[in-house]
Amino acid sequence: MNGIVDRLIGLIAAKGIRQYGGERVSQCEHALQCAFLAEREGVPETVVTAALLHDIGHLLHEAGEGLALRSINDRHEELGAEYLLGVFGRAVAEPVRLHVAAKRYLCATSPGYFGCLSAASVRSLELQGGPFNADEGAAFRSIPFAEQAVRIRLWDDAAKLPGRETPPIKHYRATLLAALTG
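Here we summarise the structure given alongside this text. Residue numbers restart at each chain and count upward from 1, following the sequence in its written direction. At least 70 in pLDDT is required for a residue's local features to be given in this predicted model, at least 80 for side-chain atom pairs to be given and counted, and no such filter applies to totals for whole chains, interfaces and linings, which use all residues. Just so you know, side-chain values use all the structure's heavy atoms and leave hydrogens and water out.

Some thoughts on the overall build of the protein
Here is step 1: Secondary structure summary: the protein contains eleven helices and zero strands in total.
Here is step 2: The secondary structure elements of the protein, listed N-terminal to C-terminal, are α-α-α-α-α-α-α-α-α-α-α.
Here is step 3: Computation of the radius of gyration draws on C-alpha atoms, with the globule rule given as 2.2 Å multiplied by the number of residues to the power 0.38. The globule rule puts the C-alpha radius of gyration for 182 residues at 16 Å, and the 15 Å found for the protein is close to it.
Here is step 4: Dimensions of the protein along its principal axes, counting C-alpha atoms only, are 45 × 35 × 30 Å.
Here is step 5: Categorising residues by exposure relies on relative accessible area from a 1.4 Å probe, with only protein chains included: less than 20% of the type maximum marks a residue as buried, more than 50% marks it as exposed, and the intermediate range marks it as partly exposed. The buried share of the protein, taken over its 182 residues, is 51%.
Here is step 6: In this analysis, two residues are considered to be in contact whenever any of their non-hydrogen atoms come within 4.5 Å of each other. Taking all contacts inside the protein whose residues are at least 6 apart in sequence as the whole, residues at least 24 apart take part in 71%.
Here is step 7: With the model as given, the accessible surface of the protein reaches about 8,300 Å², and the carbon-plus-sulfur share is 55%.
Here is step 8: In this tally, Lys and Arg are treated as positive and Asp and Glu as negative; His is ignored, and so are the chain termini. Here the site of a charge means atom NZ of a Lys, CZ of an Arg, CG of an Asp or CD of a Glu. Distance between charge centres in the protein, computed from 19 positive and 21 negative side chains, equals 2 Å. Think of it this way: any DSSP run of H or I at least four residues long counts as a helix, any run of E at least two long counts as a strand, and we number them from the N terminus. With residues, only the protein chains shown are counted as cover, and all accessible areas are computed by Shrake-Rupley using a 1.4 Å probe.

A short note on helix H6 (residues 90–109)
Here is step 1: Bend at a residue means the angle formed by two fitted axes: the first through the 7 residues ending at that position, the second through the 7 residues beginning there. The axis of H6 is deflected most strongly, by about 45°, at His-99.
Here is step 2: The element H6 is largely enclosed, with a buried count of 16 among its 20 residues.

Quick look at the side chain of His-54
Here is step 1: With respect to the element layout, His-54 can be found in the loop between helix H3 (45–53) and helix H4 (56–60).
Here is step 2: Its relative accessible area of 0% is what places His-54 among the buried residues.
Here is step 3: Side-chain atoms alone can form a polar contact between residues adjacent in sequence; in general such a contact is a pair of N or O atoms within 3.5 Å, and within protein one must be able to donate a hydrogen while the other accepts it. At 3.1 Å, the side chain of His-54 forms a polar contact with the side chain of His-30.
Here is step 4: Among the polar contacts made by the side chain of His-54, one reaches the side chain of Asp-55 at a distance of 3.0 Å.
Here is step 5: Setting aside residues no more than four positions away along its own chain, His-54 makes contact with His-30, Cys-34, His-76, Val-96, His-99, Ile-152 and Asp-156.

Some details on the nonpolar core
Here is step 1: Core analysis: the largest hydrophobic core is formed by 37 residues, its most contacted members being Ile-12, Leu-52, Leu-53, Ile-56, Leu-84, Phe-88 and Trp-155.
Here is step 2: Only helix H1 (2–15), helix H2 (27–40), H3, H4, helix H5 (76–88), H6, helix H10 (146–158) and helix H11 (173–179) provide two or more residues apiece to this core.
Here is step 3: In terms of residue count, H2 provides more of this core than any other element does, seven residues in total.
Here is step 4: Residues in contact with Phe-88, not counting those within four places in the same chain, are Leu-8, Thr-49, Leu-53, Leu-176, Ala-179, Leu-180 and Thr-181. In plain words, nonpolar cores are sets of buried Ala, Val, Leu, Ile, Met, Phe, Trp, Tyr and Cys residues tied together by side-chain atoms within 4.5 Å.

Considerations on the environment of Ala-38
Here is step 1: Looking at the element boundaries, Ala-38 is found in helix H2.
Here is step 2: Classification of Ala-38 by relative accessible area gives buried; the value is 0%.
Here is step 3: The spacing of Ala-38 and Ala-51 is 13 residues in sequence and 6.7 Å in space, taken between C-alpha atoms.
Here is step 4: Residues within four places of Ala-38 in sequence aside, it is in contact with Val-43, Val-48, Ala-51 and Trp-155.

Re the packing of aromatic side chains
Here is step 1: Between the rings of Phe, Tyr and Trp (Trp by its six-membered ring), a pair exists once the centres lie within 6.5 Å; its type follows the angle of the planes, with under 30 degrees stacked, over 60 edge-to-face, and the other angles tilted. If you walk through the whole model with that rule in mind, you get two aromatic pairs.
Here is step 2: Where Tyr-105 meets Phe-140, the ring centres are 5.1 Å apart and the plane angle is 35°; that geometry is what we call tilted. Here Tyr-105 is found in helix H6, whereas its partner Phe-140 is found in helix H9 (residues 134–141), with 35 residues between them in sequence. Phe-140 shares its class with Tyr-105; the two are buried.
Here is step 3: Between the aromatic rings of Phe-132 and Phe-140, the centroid separation amounts to 6.0 Å while the plane-to-plane angle is 50°, which identifies the pairing as tilted. Comparing Phe-132 with Phe-140 shows no difference in burial state: the two are buried.
Here is step 4: Cluster of aromatic residues (ring-pair linked, three or more members): Tyr-105, Phe-132 and Phe-140.

Rendered as structure tokens:
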């Protein structure tokens, strides 16, 4: 299982140099900032791992960069969750799968949240189905791992600062190993 962790770290280091959508940080910087914010709050290793890997689907597909700018929803949350499920289990995969739904939920239920989204996040929200309606929002809260997904979403929104100091990717190797299933 150490091999999969090393492959994930390598993938983030190699493909993570890509720009993160229309943001001013790379995919790697975004992932590290998100994990750093999670780790700083003292959450379990599975949640830090999900925070680090929440956008891994962007690095797994071969469809190129800037898909949202071309009005394409890459469904990175599904691709990432499917990839991670067998390795880390539901405690990591489900928050990854749900982090886009968490944005839709927060837009529908948290006054002022939409106004805090970056332009790139607003653009992707449109492709992802827009804010939930009242029934969708109520249903979302009852889904297992929804709370973790909301936390990851909030860290995601805050993890777009150019030049923010974070530990290097190798710092998270032990966290990833601790989050492995079986």
